[in-house]
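Each chain is listed here by its residues.
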Amino acid sequence: MSQLAIYLPDDRSDFEPMETISVEAQWELDSEPDSLQLRVVWNTSGKGDTNISTNKILTIDSPGAADSRRLDVELPAAPYSFSGKYVSLIWALELIAQPLNESCRREITIGPGRREVLLHRESTDPPAEE
Amino acid sequence: MKRARDNPFAVEQVQRLRYRFRDEDWPSFLNRLRSQNYRGAIVGPKGSGKTTLLEELAGQLAPLGLRVHRLFLNEQRRAYPASFVRSLQNSLGPQDVILFDGCEQLRPLSWWRFRWQTRRAGGLIVTTHRAGRLPTLIECQTTRELFGELVRRLHDSIALSPETLDRLFEKHRGNLRDAIRELYDLATGENLEETDSLTLRSRM
């Protein structure tokens, strides 16, 4: 069975904008792909239609059926990861074997202080009684 | 408040729901479609699964060697699809199937113009709210039971009281898309009175 994996530095998943990170891509595939692509992508999630965008693509040509590779990736400056009531913007790294259509995905957070920007106030208090 | 990305009723979750046939399956449906020369209408009210079925049909037709062309009109976008027709008109052949979502948006004269201009296509399958434009392939209907089943599929740890489920089904007249959109709002946790009837148990 084919397997693809993305390993992040110190197993972190939250990063500063424009931070350069060392990503390890591992793959063990049933057949040899033409290439592997590591993509930096974002998508929206929520009540409305979903938007998607690819920020960066790093290509590994003739990667062989099984191996691993370390890639330096400079993360984008914007947009920040954010969440509100109706929409979230989610960054992710995707490793895709072409043309086999095998892939894996690892969601990450990009924002100041390595935090997702929240568009609403987090409350842990119970609602006030009227 | 629940973040949009954590809402079990977010659009991308809903879009993963598969169409559920009432009394047939894909092989049977595809056989009927073939016997009707890939011409027919998927008929049903708003939010009854017509678009979902059409989307899945596209995935079923492509492996049969058919070239699928999709056209989508709705109340906000109902002008005659001149550029769509222009781009295809001279290349259509027996292997081409047009999937036309929302054909009732075209007035009768425009509809006949469309049919004439795309007559060389091997198939034309439409969705529409009312029967009549092409022979009916299937009528999409919703039930309370289907609504409850879809809600459970969206989040296995949601307990929705039967009364709330009935109320939403009635309020939206069986339009499951709109009913699930209201569940999205309830799941944000802002409307606390309503949320009392919607119990979201956190996954451990």
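Fair warning: this is a prediction, and the values are worked out from it, not measured in the lab. (Residues numbered from 1 in each chain as written. Chains lettered and ligands numbered in written order. Predicted model: local features only at pLDDT ≥ 70, side-chain atom pairs only at ≥ 80, totals over all residues.)

## Here we look at the overall build of chain B
Alright, step 1. Looking only at helices and strands, chain B features nine helices and seven strands.
Alright, step 2. Seen through its principal axes, chain B has C-alpha atoms that stretch 55 × 35 × 30 Å.
Alright, step 3. With 204 residues in all, chain B has 29% of them scored as buried.
Alright, step 4. In chain B, 79% of the contacts between residues at least 6 apart in sequence involve partners at least 24 apart. (Helix = DSSP H or I, 4+ residues; strand = E, 2+ residues; numbered from the N terminus. Buried ≥ 20, exposed ≤ 12 C-beta atoms within 10 Å, placed from the backbone. Contact = placed C-beta atoms within 7 Å.)

## Here's the deal with the overall build of chain A
Alright, step 1. Within chain A, the secondary structure is distributed over zero helices and 10 strands.
Alright, step 2. Helices and strands in chain A line up, N terminus first, as β-β-β-β-β-β-β-β-β-β.
Alright, step 3. Counting only C-alpha atoms and orienting by the principal axes, one finds that chain A spans roughly 65 × 30 × 25 Å.
Alright, step 4. With 130 residues in all, chain A has 21% of them scored as buried.
Alright, step 5. Considering only contacts in chain A between residues 6 or more positions apart, those separated by 24 or more positions represent 68%.

## Looking at the domain arrangement of chain B
Residues and elements named next belong to chain B.
Alright, step 1. According to the domain assignment, chain B consists of domain 1 (26-139) and domain 2 (142-200).
Alright, step 2. Between domain 1 and domain 2, the C-alpha centre-to-centre distance is 31 Å.
Alright, step 3. Residues of the side of domain 1 that touches domain 2, tallied by class, amount to one nonpolar, two polar and one charged. (Domains from an automatic or database assignment. Nonpolar A, V, L, I, M, F, W, Y, C, P; charged D, E, K, R; others polar.)

## Here we look at the environment of Asn43(A)
Residues and elements named next belong to chain A.
Alright, step 1. Here Asn-43 lies in strand S4 (residues 35-46).
Alright, step 2. It is 8.9 Å that separates the C-alpha atoms of Asn-43 and Thr-54, two residues lying 11 residues apart in sequence.
Alright, step 3. Discounting chain neighbours no more than four positions away, the residues touching Asn-43 are Thr-50, Asn-51, Ile-52 and Ile-90.

## Quick word on the sheet that holds strand S3 (residues 20-28) of chain A
Residues and elements named next belong to chain A.
Alright, step 1. Pairing is antiparallel across the open sheet formed by three strands, whose spatial order is S1-S3-S6. The open sheet has two free edges, formed respectively by strand S1 (3-7) and strand S6 (66-74), since each of these has just one partner strand. Strand after strand, the sheet turns through a mean of 20° between neighbouring axes, direction not considered.
Alright, step 2. Looking at chain direction, S1 and S3 are connected through five bridges and run antiparallel. (Pairing = 2+ DSSP bridges. Axes fitted to C-alpha atoms, helices over the stretch in contact; angles between N-to-C directions.)

## Focus: the confidence of the model for chain B
Low pLDDT means the predicted coordinates in that region are not meant to be read closely.
Alright, step 1. Of the residues in chain B, 91% have a pLDDT of 70 or more, and the chain-wide mean is 90.
Alright, step 2. Listed scores for the predicted complex are pTM 0.81 and ipTM 0.80. (pLDDT = per-residue confidence, 0-100.)

## Remarks on the sheet that holds strand S1 (residues 39-43) of chain B
All names here are of chain B.
Alright, step 1. The strand order across the open sheet built from five strands is S2-S3-S4-S1-S5, with neighbouring strands paired in parallel fashion. In this open sheet, the two edge strands, each paired with only one partner strand, are strand S2 (67-72) and strand S5 (136-139). Taking the axes of each pair of neighbouring strands and ignoring which way they run, one obtains an average angle of 15° across the sheet.
Alright, step 2. Here S1 pairs with S5 via three bridges, running parallel. The residue of S5 that forms the bridge with Val-43 is Glu-139.
Alright, step 3. Here helix H3 (residues 50-61) sits on the sheet and contacts S1, S2, strand S3 (96-101) and strand S4 (123-128); the angle it forms with S3, its principal contact strand, is near 165°.

## Some thoughts on the interface of chain A and chain B
Alright, step 1. Contact residues are listed per partner, giving 15 residues for chain A and 12 residues for chain B.
Alright, step 2. Of all the elements in the fold, those that place two or more residues in the side of chain A that touches chain B are S4 and strand S8 (87-98) of chain A.
Alright, step 3. No other element matches the three residues that S8(A) contributes to the side of chain A that touches chain B.
Alright, step 4. Broken down by class, the residue content of the side of chain A that touches chain B amounts to four nonpolar, eight polar and three charged.

## What to know about helix H8 (residues 176-187) of chain B
Residues and elements named next belong to chain B.
Alright, step 1. Counted at 1.5 Å a residue, the expected span for H8 with its 12 residues is 16 Å, and the 16 Å between its end C-alpha atoms agrees.
Alright, step 2. For H8, the complete set of buried residues consists of Leu-176, Ala-179, Ile-180, Leu-183, Tyr-184, Leu-186 and Ala-187. Along H8, the residues classed as buried sweep out an arc of 165° about the axis, all on the same side.
Alright, step 3. Where H8 ends, the next residue or the one after it, Gly-189, has phi of about 85°, a positive value. (Expected span 1.5 Å × (residues − 1). Arc of directions from axis to C-beta.)

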